[in-house]
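Spelled out, the chains give:
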Amino acid sequence: MSGRKFLVALSIGVVLVFSLALKFFGEKAVWGALDIPTQHPAFIDLRGVLTGLDAARLGFDPIHENPLDPYKRPVVYPRLWLALGWFGLSEKHTEILAFGLLAVYAISILLALKNYDRFTSVMMAFVIFSPAAWMCYKFANLDLVIFILIALMLTVEKSSLFLALGLLELAAVLKFFPIAALGFLLKEERKRFLRLAAIVMGIFAVYLMLTWKDASWILGHAPKGALENYGVEVIGFRINEITGSRSATNLVTVPLFMAAYLVMMAALYFSSRYKIAATDQRFLDAFRIGALIYLATFVQGNSFNYRFIFTVFAVPQMVLWARAQSGIRLPAISTLVFLVLSCWGMSLITLMPVNIAFAVDEIFNWLLFAGLFFLFFVSAPGWIKNEIVAFFRRYRLKKAVG
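Residues numbered from 1 in each chain as written. Predicted model: local features only at pLDDT ≥ 70, side-chain atom pairs only at ≥ 80, totals over all residues. Heavy atoms only, no water.

**A word on the packing of helix α12 (residues 246-273) against helix α16 (residues 354-378)**
Consideration 1: Axis separation between α12 and α16 bottoms out at 8 Å; the angle between their running directions is 35°. As α12 packs across α16, the resulting crossing turns out to be right-handed. Contacts from L256, A259, A260, V263, M264, A267, L268, F270 and S271 in α12 reach W366, F369, A370, F373, F374, F377 and V378 in α16.
Consideration 2: Broken down by class, the residue content of the contact of α12 with α16 amounts to 15 nonpolar, one polar and no charged. (Axes fitted to C-alpha atoms, helices over the stretch in contact; angles between N-to-C directions. Helix = DSSP H or I, 4+ residues; strand = E, 2+ residues; numbered from the N terminus. Left-handed = near helix turned anticlockwise from the far one by under 90°. Contact = heavy atoms within 4.5 Å. Nonpolar A, V, L, I, M, F, W, Y, C, P; charged D, E, K, R; others polar.)

**A short note on the packing of aromatic side chains**
Consideration 1: A full pass over the atoms with the stated rule returns 29 aromatic pairs.
Consideration 2: Aromatic side chains W31 and W134 sit 6.3 Å apart centroid to centroid with 65° between the ring planes, which places their arrangement in the edge-to-face category. Placement of the pair is W31 in helix α2 (residues 27-33) and W134 in helix α6 (residues 131-139), with a sequence separation of 103 residues. The exposure classification of W31 matches that of W134, with both residues buried.
Consideration 3: When the ring of Y77 is compared with that of W81, the centres are 5.9 Å apart and the planes differ by 55°; the resulting orientation is tilted. Across this residue pair, the class does not change: Y77 and W81 are buried.
Consideration 4: Three or more aromatic residues joined by ring pairs form one cluster here, namely F18, W31, Y105, F129, W134, Y137, F147, F177, F310 and F313.
Consideration 5: Sitting over the face of the ring of W31, K138 holds its NZ or CZ atom 5.5 Å from the ring centroid. (Phe/Tyr/Trp six-rings, centres within 6.5 Å; stacked < 30°, edge-to-face > 60°. Buried < 20%, exposed > 50% of the residue type's maximum accessible area, 1.4 Å probe, protein only. Lys NZ or Arg CZ within 6 Å of the ring centre and 35° of its normal.)

**Some details on a nonpolar patch on the surface**
Consideration 1: A grouping of V8, I12 and L16 is seen on the molecular surface, where their side chains present a nonpolar patch of about 260 Å² in accessible area.
Consideration 2: Here I12 is to be found in helix α1 (residues 3-25). (Patch = residues over 30% accessible without salt bridge, like charges linked within 9 Å, V, L, I, M, F, W, Y side chains within 5 Å. Areas by Shrake-Rupley, 256 points an atom, 1.4 Å probe, with all protein chains shown as cover. Salt bridge = Lys/Arg side-chain N within 4 Å of Asp/Glu carboxyl O.)

**Some details on helix α3 (residues 44-57)**
Consideration 1: Here α3 is 14 residues long and its end C-alpha atoms lie 20 Å apart, about the 20 Å a rise of 1.5 Å per residue gives.
Consideration 2: Across the 14 residues of α3, twelve count as buried, placing the element largely inside the fold.
Consideration 3: Of the residues making up α3, those classed as buried are I44, D45, L46, R47, G48, V49, L50, T51, G52, L53, D54 and A55.
Consideration 4: Just downstream of α3, G59 is the residue with a positive phi angle, here 100°. (Expected span 1.5 Å × (residues − 1).)

**Side note on the pattern of salt bridges**
Consideration 1: Considering all chains together, one arrives at 17 salt bridges under this definition.
Consideration 2: Among the salt bridges present, the one from K187 reaches E157, with a minimum N-O distance of 1.9 Å. Remark: E157 occurs in the loop between α7 (143-156) and α8 (161-175) and K187 occurs in the loop between α8 and α9 (190-210); sequence separation between them is 30 residues.
Consideration 3: K187 sits in the partly exposed class, given a relative accessible area of 36%.
Consideration 4: In this structure, a network of salt bridges that share partners links the residues E157, K158, K187 and D285.

Just distances and angles here, no functional claims.
This is the structure in structure tokens:
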């Protein structure tokens, strides 16, 4: 049985067991064991957008005010999402759209990632069925739409780069952060990469300028948290939850951004010193997408854990590296372990005191950040690695002269 078929069989088994658990133990017990909020009605994130369509029909601007949402939340997504109203969609379609979205999401994983073995499928399952991912499924968060677009991009990029870039641009204008997936173009020769990247970034920049009023509102009012989140600002946000002190939060958050910078510089330095033998790189495009989305959302500051679903793209290549007889083996194994621990870290709150569980989870998240940053640059094209080596050579020279 191939790895993909094994993943299908494994997924069916997990879904059946999970369904039985919900039936016999109830939602509160099952979701509580995973530390996932039991919000009602179902599929609350998708429902929020669909109620926004209904509110728009009543004359409201749902980006700023959505009185029909069960929790009175505004639709903190780009206004382009409101175009769904042209198809007559409304809150009454929530359930059928949610189940359809989940089905297409599952299919998109199988389309984007192929030709892996059973062990890889098991490691992918640890991500796909982690508490972080279940939170995404339970809320029917619209990151599922972004995942599908990115998966389709990976599926078609070999046959039509133009279509792949179109899908990437669409994902970026729908949710901003997917622009990080532009890193899949690093397989191209340097000049071609720079040319294509400039075109994609240029279109995205024009879009941001044209919609800046909405974009700044969304970025400023997007929901944030701590216990089910990752990112540089999360520790400061947790301190604010505990103390209510904004100054204490700032006192912690600024050094954390400095720490993130130092982690990146250290990872860059060690990647420039690493010499790895040629390895199987058949999943390198997917790895770059999964790694860059995590890195970008981590540096962004505060992202909900459901975005860990994108890290499944990084798993197959990390498994190949973990089996390689070269210097990349140990970093790959370590980062793969940190990835699984990060995806499951939010459930630690059910096993230990809240703040201890939070601290341990944050350690996993930061170690994953460092590991993915290192692996991304150690596997970067030669022209990027040469620039990194030249940078540190100039730095050492200036230091010696000084």
